[in-house]
Amino acid sequence: MAIVVVFIEPRYGQKNILIYLGICSSMGSLTVVSIKAVGVAIKLTLDGMNQLAYPHTWLFILVAVICGVSQLNYLNKALDTFDLAMVSPVYYVMFTTLTIVASSIMFKDGAGQSLSSIASECCGLVTILSGTILLHAAKQKEAASSPASTWPLDRGISWYISVGSDNLLRNVEDDYFAAPQSSPATP
């Protein structure tokens, strides 16, 4: 992950959505796993086995904080750089997939499950991924076929404030810059 953050992100982050969202999703999955470990430590501590004496508990707390802050940082970078309609489904799919993989590795979630239960979870994941991809594809097709935006502010309406006038806001046609107006001389 450090290699991606140090070498790949500065060069390709502004061009490829998968860079920011890959970092963000990886950090998010590590945050989920760390919070789950801290939750287990809290449960064991409340049951009488103090986990605060073990360095692993503090390591998981540190990882949760660092990864949580990093996740928000890279999600904000992705949202600043790319369209929300593109960021949201890609992030959802990557975060969900990486969280399932990280949880299954860290906590061996699939160890006590039957083959049919694992197959059901995989089918559910494929269904979510397919639905997200189809919704995104339909949204892109709809956006490509719709006419240009007819929002009034897209036509160059601007406003200016005239001090000393009864109408403080006036519509100025074909004026793209608001310029200060001089106020009439008062006797």
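For every chain, the first residue of the written sequence is number 1, and numbering continues from 1 onward in sequence order. Local features in this predicted model are restricted to residues of pLDDT 70 or higher, and side-chain atom pairs are both shown and tallied only at a pLDDT of 80 or more, whereas totals for entire chains, interfaces and linings draw on every residue. With hydrogens and water set aside, each side-chain value is computed from the structure's full complement of heavy atoms.

As named in an unreviewed UniProt entry, the chain is Probable magnesium transporter, taken from Aegilops tauschii subsp. strangulata. UniProt positions are given in the numbering used here, feature names are shortened, and annotations may be inferred rather than shown by experiment. Heading Sequence similarities (unreviewed entry) of the UniProt record for the chain holds this comment: "Belongs to the NIPA (TC 2.A.7) family." Heading Subunit (unreviewed entry) of the UniProt record for the chain holds this comment: "Homodimer."

S.K.: Can you help me understand the confidence of the model for the chain in this one?
M.R.: If pLDDT is low for a region, its predicted coordinates should not be looked at in detail. You can read pLDDT as the predictor saying how much it trusts each residue, on a scale of 0 to 100. Looking at the chain as a whole, the pLDDT averages 79, with 75% of positions reaching at least 70. Between residues 171-179, whose pLDDT stays under 50, and residues either more than four places distant or in other chains, the model counts 13 contacts. We call two residues in contact when some of their heavy atoms are within 4.5 Å.

S.K.: Looking at this structure, how should I read the nonpolar core?
M.R.: Soluble globular proteins tend to bury their nonpolar side chains together. By nonpolar core we mean a set of buried residues, namely Ala, Val, Leu, Ile, Met, Phe, Trp, Tyr and Cys, connected to one another through side-chain atoms within 4.5 Å. Categorising residues by exposure relies on relative accessible area from a 1.4 Å probe, with only protein chains included: less than 20% of the type maximum marks a residue as buried, more than 50% marks it as exposed, and the intermediate range marks it as partly exposed. Counting residues in hydrophobic clusters, the biggest one holds 15 residues, and the most contacted among them are L21, L75 and V87. Counting from the N terminus, the helices are the DSSP runs of H or I reaching at least four residues and the strands are the DSSP runs of E reaching at least two. Elements that contribute at least two residues to this core include exactly α2 (17-46), α3 (55-81) and α4 (84-107). It is α2 that contributes the most residues to this core, seven residues altogether.

S.K.: Got a minute to help me understand a nonpolar patch on the surface in this structure?
M.R.: To count toward a patch, a residue needs a relative accessible area over 30% and no salt bridge; like charges are then connected within 9 Å, while nonpolar side chains (Val, Leu, Ile, Met, Phe, Trp, Tyr) are connected within 5 Å. Using a 1.4 Å probe, the Shrake-Rupley method yields the accessible areas, and only the shown protein chains count as cover for residues. The term salt bridge refers to a side-chain nitrogen of Lys or Arg lying within 4 Å of a carboxyl oxygen of Asp or Glu. Residues L52, W58, I61, V65 and V69 make up a contiguous nonpolar surface patch of roughly 470 Å² in combined accessible area. You can see V69 is positioned in helix α3.

S.K.: How should I be thinking about the UniProt feature "transmembrane region" (unreviewed entry) in the chain in this particular structure?
M.R.: According to UniProt, the positions carrying the feature "transmembrane region" (unreviewed entry) are residues 17-38, 58-75, 87-106 and 118-138. Between the C-alpha atoms that bound residues 58-75 the distance is 26 Å, and the span itself is 100% helix and 0% strand. Here residues 118-138 is 100% helix and 0% strand, with 30 Å between the C-alpha atoms at its ends.

S.K.: When you look at the packing of α2 against α4 in this model, what are you seeing that I'm missing?
M.R.: For any two helices packed against each other, the geometry comes down to the angle between their axes and how far apart the axes lie. Axis separation between α2 and α4 bottoms out at 8 Å; the angle between their running directions is 40 degrees. Classified by the angle between their axes, α2 and α4 sit oblique to one another. For the crossing formed where α2 meets α4, the hand is right-handed. For this classification, the nonpolar set comprises Ala, Val, Leu, Ile, Met, Phe, Trp, Tyr, Cys and Pro, the charged set comprises Asp, Glu, Lys and Arg, and every other residue, Gly included, is treated as polar. Grouping the constituent residues of the contact of α2 with α4 by class yields 17 nonpolar, seven polar and one charged. Every axis corresponds to a line fitted to the C-alpha atoms, with the helix fit spanning only the stretch in contact, and the corresponding angles, defined between N-to-C directions, vary from 0 to 180 degrees. Note that the term roughly parallel is reserved for angles under 35 degrees, roughly antiparallel for angles over 145, roughly perpendicular for angles of 65 to 115, and oblique for everything else. Should the near helix be turned anticlockwise from the far one by less than a right angle, the crossing is termed left-handed; should it be turned clockwise, right-handed.

S.K.: Mind showing me how you'd approach the side chain of T57 here?
M.R.: Here T57 is to be found in helix α3. Taking relative accessible area as the criterion, T57 reaches 8% and is therefore assigned buried. Non-local contacts of T57, meaning those with residues more than four positions away in its chain, are made with A41, Q51 and L52.

S.K.: What am I meant to see in the environment of Q71 here?
M.R.: Summarising the element assignment, Q71 is placed in helix α3. Overall, the relative accessible area of 13% leaves Q71 in the buried class. When the C-alpha atoms of Q71 and G28 are compared, they prove to be 5.8 Å apart, with 43 residues separating the residues in sequence. Excluding its chain neighbours within four sequence positions, the residues that come into contact with Q71 are C24, M27, G28, T31, Y91 and F95.

S.K.: Teacher, can you tell me more about the packing of aromatic side chains here?
M.R.: The geometry of an aromatic ring pair comes down to the distance between the two centres and the angle between the two planes. Any pair of Phe, Tyr and Trp rings, taking the six-membered ring for Trp, is counted once the centres come within 6.5 Å. Such a pair is stacked with planes under 30 degrees apart, edge-to-face with planes over 60 apart, and tilted for the rest. One pass over the full model with this rule turns up two aromatic pairs. With centroids separated by 6.3 Å and ring planes inclined at 40 degrees, the aromatic side chains of Y20 and Y74 adopt a geometry described as tilted. Of this pair, Y20 sits in helix α2 while Y74 sits in helix α3, and the two are 54 residues apart along the sequence. The buried category is assigned to Y20, whose relative accessible area is 3%.

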